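# Structural overview
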Amino acid sequence: QVQLVESGGGLVQAGGSLRLSCAASGRAVSSYRMAWFRQAPGKEREFVAAITWNGRSTWYAGSVKGRFTISRDNAKDTLYLQMNSLKSEDTAVYSCAVDLSPYSDSVPSTGYEYWGQGTQVTVSS
């Protein structure tokens, strides 16, 4: 079992930046791919970004590519999402997820098994 806890959300003005963190516990996640998702009010959850177990490959949704950066620190079992040039449409609850397929070199947008509770990001225009 893996527990994921997100932090770093908050209120920011459009054009600003935030860095989200996702700390894993209960089981080391250094061998597994991880991802960020978000869900805005009244909308379905959508994929944001994913990263392989070793950090060598990443994948981004088109709406955030060039503005967001996903990274990880396996020594700390922590996943990050650096969000720059934030827009009002980025307002959502952001959640991290892990897929327990070990040492996979692909970064899918589906199939993740464990999820955190999420952290709220609000971008004011």
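For the structure itself, consult the block above.
First things first, this report covers the structure right here in the doc. (Residues numbered from 1 in each chain as written. Predicted model: local features only at pLDDT ≥ 70, side-chain atom pairs only at ≥ 80, totals over all residues. Heavy atoms only, no water.)

This part covers the side chain of Ser95. Mapped onto the fold, Ser95 is located in strand β9 (residues 92-102). Excluding anything up to four places from it in sequence, Ser95 contacts Glu6, Ala35, Trp36, Phe37, Trp115, Gly116, Gln117 and Gly118. (Helix = DSSP H or I, 4+ residues; strand = E, 2+ residues; numbered from the N terminus. Contact = heavy atoms within 4.5 Å.)

The next point concerns the state of the cysteines. Evaluation of the coordinates by the stated rule reveals 1 disulfide. Bridging Cys22 to Cys96, the disulfide has an S-S length of 2.0 Å. Classification of the bridge connecting Cys22 and Cys96 rests on its S-S torsion, roughly 65 degrees, and on that basis the disulfide is right-handed. Separated by 74 residues along the polypeptide, Cys22 in strand β3 (residues 18-25) and Cys96 in strand β9 bring together distant segments of the chain. We note that Cys22, like Cys96, is buried. (Disulfide = S-S within 2.5 Å. Buried < 20%, exposed > 50% of the residue type's maximum accessible area, 1.4 Å probe, protein only.)

Under the defined criterion, the tally for this structure stands at 4 aromatic pairs. On the basis of an interplanar angle of 70 degrees and a centroid distance of 5.7 Å, the ring pair of Phe37 and Tyr112 is categorised as edge-to-face. Placement of Phe37 in strand β4 (residues 32-39) and of Tyr112 in the loop between β9 and β10 (114-115) is noted, with a sequence separation of 75 residues between them. With relative accessibility at 8%, the residue Tyr112 sits in the buried group. Consider the rings of Phe37 and Trp115, whose centres lie 4.7 Å apart with planes at 55 degrees: the pair is tilted. Note that Phe37 is positioned in strand β4 and Trp115 in strand β10, a separation of 78 residues in sequence. The class of Phe37 is buried, set by a relative accessible area of 6%. An aromatic cluster is defined as three or more aromatic residues linked by ring pairs; in this entry it consists of Phe37, Phe47, Tyr112 and Trp115. In this arrangement the basic side chain of Arg45 is found over the ring face of Phe37, its NZ or CZ atom lying 5.9 Å from the centre. One cation-aromatic arrangement involves Arg45 over Trp115; the distance from NZ or CZ to the ring centre is 3.7 Å. (Phe/Tyr/Trp six-rings, centres within 6.5 Å; stacked < 30°, edge-to-face > 60°. Lys NZ or Arg CZ within 6 Å of the ring centre and 35° of its normal.)

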